[in-house]
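The chain contents come next:
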Amino acid sequence: MIGLLRVAVVGAGSSGLACIKICVDEGLEPVCFESSDDIGGLWKFKESPEPERSSIYRSLVVNTSKEMMCFSDFPMPADYPNYMHNSLLLQYFRLYADHFDLLRYIHFQTTVRSVAQRPDFSLSGQWDIVTINGDGEEERHVFDAVLVCSGHYTHPALPLSDFPGYETFSGRCFHSCEYKDADACRGKRVVVVGIGNSGGDIAVEISRSAEMTFLSTRQGAWVMGRMATNGLPMDMTAITRFNNILIRLLPNTLVNWAVERALNPKCDHKLYGLKPRHRLLDKKPLINDDLPSRILQGALVMKPNLKGFKDSGVEFEDGTVEENIDAVVFCTGYNGNFPFLPPALSEGPHKELTLYKTLFPPCLSQPTLAVMGLFQTKGPIMPIVEMQARWAVKVFAGLSRLPCKEKMLEVIESERKRNMKRYAALQVDFIPYLDFMAEQVGVRPNFLRLLLRDPVLWVRVFFGPCTPYQYRLSGPGQWAGARQAILTQWERVVQPFRTRVVPEPESKPSVLFSPWLLTFGAAVTIAALLSKNEIFPVLQGAAQILEGARFF
């Protein structure tokens, strides 16, 4: 490819902002189309849900910590809490966009209607894109490449037809995308269906104001809090390269047993009705600090999968019925639809997108389109999407090559079978997936070189949290501040706690551990061992030593 490549970026959420910035870094010309009037995407709270736009609830707090989820060359402010409210994350995106001057590349209130291959696509790799602006006017554009950053939380899956009797149910049924806060549930009896992170959060929040809350789950879940030992962020202590190697070397059965055993002392999952059919490594755990305590207090009742509706009540698969239910909230996920993309890209068994490494459609003769963020992982999403963008841009520019179509399809099928065993579609392993893409980009840390040249940094990188800064230490896109960011990451973790000076008790030397008392004790012991006849003279000598010590 020759000349300045024009790249269409669809969406100005966290993924879109990262893509714009990386395109600029690599000398490409990004043009971003954002259907709303602001950046932030999913993380821009709206009082009312809008069709075909992602939506969050008012109280949403992130479940990955700030050092793990930040962009790799732009740490979050030190005074930010480690797990922040959604409004602070949006503020961080504004800081990022201002710092790198990204807003000038964004066309707001512009919706992408269609993305189609040009007639000469096999030679040019170019795309025809049709957009609709805020005045309803249609515009046509030609781009050399496309980065799809519209997310997959825009088309809610509401499986009402799977539950007989819903047509005559007297209560309200709605998807979690419509939920904003628990005000409407005050004093009512509510059923929440689904135990993903949203289901757990919403059930806990509703249980604080509802008369009774029921959480219905098909499989159950392993529940983890945000805090690890000493109240430190869980992900910073768990997601390390050292732990990743241990998990890969040790038998899964052993690792599952050890981690599940560590979780149960805080909350016996079987006793609380939470224990799932799967083992902990098979699926993402539920991140929730309050769910067990709400069950303990009786405000939240665990129930099996919903079977159907009965007038004003609901029936569960174990045959139990709860009457006088006012509302049922379906936290049942989303359909990953991209209606503006060519139908030919959706080659999966259920007409879903088929993507090599959850990024590139293998059916394209020219690899000039990538779909960002269409995966699940046990870790933060943003660093992976940023690395996806770095790899995609290299592929667009011809600096990195993809395997042949047959090889890509083989890899896709292999990963699909693996994920079926793990009960998780589109699952990727956080560190291995990042490292694979980093290898393609040329930014994977060289650990032998790092050990020889900078052993202090090597220890932090290998044994410490796998923070995004590691992928800015060397290679294309190297950031001069990456080393310092790694060395000071725990300082930024501690900073928001420094809101009160904690008085320290005056340190007084302990009599029990006085060096002179220890000397005296040692002398007595030695004397007793030497000779019973000599013990008294030795004691007298030791007493004289102590007497003399008073003058020091």
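Residues numbered from 1 in each chain as written. Predicted model: local features only at pLDDT ≥ 70, side-chain atom pairs only at ≥ 80, totals over all residues. Heavy atoms only, no water.

Caption draft 1: Region of interest: the overall build of the protein chain. Within the protein chain one finds 18 helices and 20 strands. Expressed as a percentage of the 552 residues in the protein chain, the buried residues total 48%. For the protein chain, the computed accessible surface area is about 27,600 Å², with 55% contributed by carbon and sulfur atoms. (Helix = DSSP H or I, 4+ residues; strand = E, 2+ residues; numbered from the N terminus. Buried < 20%, exposed > 50% of the residue type's maximum accessible area, 1.4 Å probe, protein only. Areas by Shrake-Rupley, 256 points an atom, 1.4 Å probe, with all protein chains shown as cover.)

Caption draft 2: Structural detail: the side chain of His141. Note on placement: His141 falls in strand S6 (residues 138-143). Judged by its relative accessible area of 18%, His141 falls in the buried class. Within the structure, His141 has its side chain in polar contact with the side chain of Thr131 (distance 2.9 Å). Ignoring any residue separated from it by four or fewer positions in sequence, one finds His141 in contact with Phe33, Trp127, Asp128, Ile129 and Thr131. (Polar contact = N/O pair within 3.5 Å; in protein donor to acceptor, adjacent residues only side chain to side chain. Contact = heavy atoms within 4.5 Å.)

Caption draft 3: Broad picture of helix H10 (residues 382-396). With 15 residues, H10 ought to run about 21 Å at 1.5 Å a step, and its terminal C-alpha atoms sit 21 Å apart, in line with that. Burial runs high along H10: 15 of the 15 residues are buried. Just beyond H10, the residue with positive phi is Gly398, at close to 80°. (Expected span 1.5 Å × (residues − 1).)

Caption draft 4: How the structure looks around the sheet that holds strand S18 (residues 369-371). In spatial order, the strands read S3-S2-S1-S7-S18; together these five strands make up an open sheet with parallel pairing. For this open sheet the edge positions go to strand S3 (106-107) and S18, each flanked by a neighbour on one side alone. The sheet contact formed by strand S1 (residues 6-10) and strand S2 (residues 29-33) spans five bridges and is parallel. The residue of S2 that forms the bridge with Arg6 is Glu29. Contacts between H10 and the sheet are confined to S1, strand S7 (145-148) and S18, with S7 contributing the most and set at about 165° to the helix. (Pairing = 2+ DSSP bridges. Axes fitted to C-alpha atoms, helices over the stretch in contact; angles between N-to-C directions.)

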